[in-house]
Amino acid sequence: SYVPGKVTAKPYLSIYRAEMMLLTCFCILAVDFNVFPLKFAKVETFGTSIMDLGVGSFVFSAGVVGVKAFLPRYVDGKPKTTSLSYQLKAGLWTAFPLLALGVARLVLTESVDYQKHVSEYGTHWNFFFTLGFLPIFVPLGLCVYSDLRVTSTVLLAAYQAMLSVTPLGDWLENTDRTDLVSANREGILSFAGYLAIFLMGMSLGQEILPDARTFKERRMRLVSVLGVWATACISYLLLNFVLGVQPSRRFANAPYCFWVAGFNSAMIWLYMLIEEDVDSKLPPEMARAGRPKGYDMPAIVEAVNINSLTTFLVANLLTGSVNMLFETLLCGSVAAYSILAGYTLLFMLPALLMYRSGVRLR
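Residues numbered from 1 in each chain as written. Predicted model: local features only at pLDDT ≥ 70, side-chain atom pairs only at ≥ 80, totals over all residues. Heavy atoms only, no water.

S.K.: I'd like to hear about the overall build of the protein chain, residue by residue, with values.
M.R.: Along its length, the protein chain carries 15 helices and 2 strands. For 362 residues, the compact-globule estimate of 2.2 N^0.38 gives 21 Å, and the protein chain sits close to it at 21 Å. The dimensions of the protein chain, computed from C-alpha atoms along their principal axes, are 60 × 50 × 40 Å. When burial is assessed residue by residue, the protein chain has 44% of its 362 residues classed as buried. When the accessible surface of the protein chain is split by element, carbon and sulfur atoms take 66% of a total near 18,600 Å². (Helix = DSSP H or I, 4+ residues; strand = E, 2+ residues; numbered from the N terminus. Rg over C-alpha atoms; globule rule 2.2 N^0.38 Å. Buried < 20%, exposed > 50% of the residue type's maximum accessible area, 1.4 Å probe, protein only. Areas by Shrake-Rupley, 256 points an atom, 1.4 Å probe, with all protein chains shown as cover.)

Following this line, the structure appears as structure tokens:
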């Protein structure tokens, strides 16, 4: 029976998140080999490629499921929301391990003189710092205005206006790295764009995470997600082709954010559509009461979803190890594919073992 505010597992979301994580983890090493097409590698400043989707998609998908903590809880049929102080405490608790990983990564890369692209996030900043500050700033943003769509749009518009109208855009692209702020300007300023992406993911999650009251309401969610995709695509096209603002992952500007939102909402919509098609072929009493065993999620999908951050961390550690042990650009095709196959099995193994043992980290 329907329970207001209840959130049960959505198989299409599990598939979407696991597919995104597995592809991202595979590509962060594959891009270092010559067998990986250069056209799919990250662009330096302006433009897009398949690799530019990784970090944005990671943040968007985290927002889709992260909104669960902000959804109202129903007690005796009445909605109750958590206070700002509680949300900030929970945010700090979530942020601490991520920021600790950011510091650990910084120390390790500096101590072994590991190669890094300074223009990606800056001299000291890395993606774990971006992830770590998100749960702190999200409650602060929502206390100003609680509508996720409005908050993300206003934030993105203000950030893009600063890049386009003020000297900030030129400073961000061309200034020397003379102090701590200028040395890490990409990571610090692009955080505004990633925060907007996270809020966009939350707004979509707000629509699709709570259980649907009726079959019709569940079907109408397909229309809602399609609307998000259309809005993101139109916004991207207007900014890029009408106003001439090129997307940039390095700066996480507005066209990039809408591009990421459009891609991810399209993927979620496709997975939703497939699931609805599968359910429509099941007997009515089974379609809503539960699927037979053959429709269970694959173990690796559940494992990666439960410990997604652990999987990402293991993949990063393995990528660094492989790059230190091998001259990846000099590897032939057979060696490259062999290393990538072994790497793929290894980065999935810890999550699978933890899943079998009932261990859940992050």
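S.K.: I'd like to hear about helix H1 (residues 11-30), residue by residue, with values.
M.R.: Because an α-helix packs 3.6 residues into every turn, residues spaced three or four apart end up facing the same way. Across its 20 residues, H1 extends 28 Å between first and last C-alpha, which sits within 8% of the 28 Å expected from 1.5 Å per residue. Most of H1 sits inside the fold, with 14 of its 20 residues counted as buried. (Expected span 1.5 Å × (residues − 1).)

S.K.: Help me get a handle on the state of the cysteines, residues and values and all.
M.R.: As enumerated under the stated definition, the model contains 0 disulfides in all. Free cysteine: cysteine 331, not disulfide-bonded; nearest cysteine sulfur from cysteine 27 at 17 Å. Judged by relative accessible area, cysteine 331 falls into the buried class, the value being 16%. (Disulfide = S-S within 2.5 Å.)

S.K.: Which residues make up the packing of aromatic side chains, and what values do they have?
M.R.: The final tally for this structure, using the stated rule, is 16 aromatic pairs. Ring centres of phenylalanine 133 and phenylalanine 191 lie 6.4 Å apart, and the angle between their planes is 85°; on these two criteria the pair is classed as edge-to-face. Within this pair, whereas phenylalanine 133 is found in helix H5 (residues 127-144), its partner phenylalanine 191 is found in helix H9 (residues 185-208), the two being separated by 58 residues in sequence. By the ring-pair criterion, three or more aromatic residues cluster together here, those being Phe58, Tyr121, Phe127, Phe128, Tyr194, Tyr256, Trp259 and Phe312. (Phe/Tyr/Trp six-rings, centres within 6.5 Å; stacked < 30°, edge-to-face > 60°.)

S.K.: Can you explain the pattern of salt bridges? Please cite residues and give values.
M.R.: Two side chains with opposite charge may pair up if their charged atoms get near one another. By the definition in use, this model includes 9 salt bridges. Across the pair glutamate 120 and arginine 249 runs a salt bridge, and its minimum N-O distance is 3.7 Å. Here glutamate 120 is found in helix H4 (residues 118-121), whereas its partner arginine 249 is found in the loop between helix H10 (215-242) and helix H11 (254-280), with 129 residues between them in sequence. As far as the burial class goes, glutamate 120 and arginine 249 line up, both buried. (Salt bridge = Lys/Arg side-chain N within 4 Å of Asp/Glu carboxyl O.)

S.K.: Can you explain a nonpolar patch on the surface? Please cite residues and give values.
M.R.: Together, Ile234, Leu237, Leu238, Phe241, Val242 and Leu243 give the surface a local cluster of nonpolar side chains, amounting to about 650 Å² of exposed area. Checked against the element boundaries, leucine 238 lands in helix H10. (Patch = residues over 30% accessible without salt bridge, like charges linked within 9 Å, V, L, I, M, F, W, Y side chains within 5 Å.)

S.K.: Mind laying out the environment of phenylalanine 133, listing which residues take part and the relevant values?
M.R.: Relative accessible area serves as the criterion here: at 26%, phenylalanine 133 is assigned to the partly exposed category. Spatially, the C-alpha atoms of phenylalanine 133 and valine 59 are 12 Å apart, while their sequence positions differ by 74 residues.

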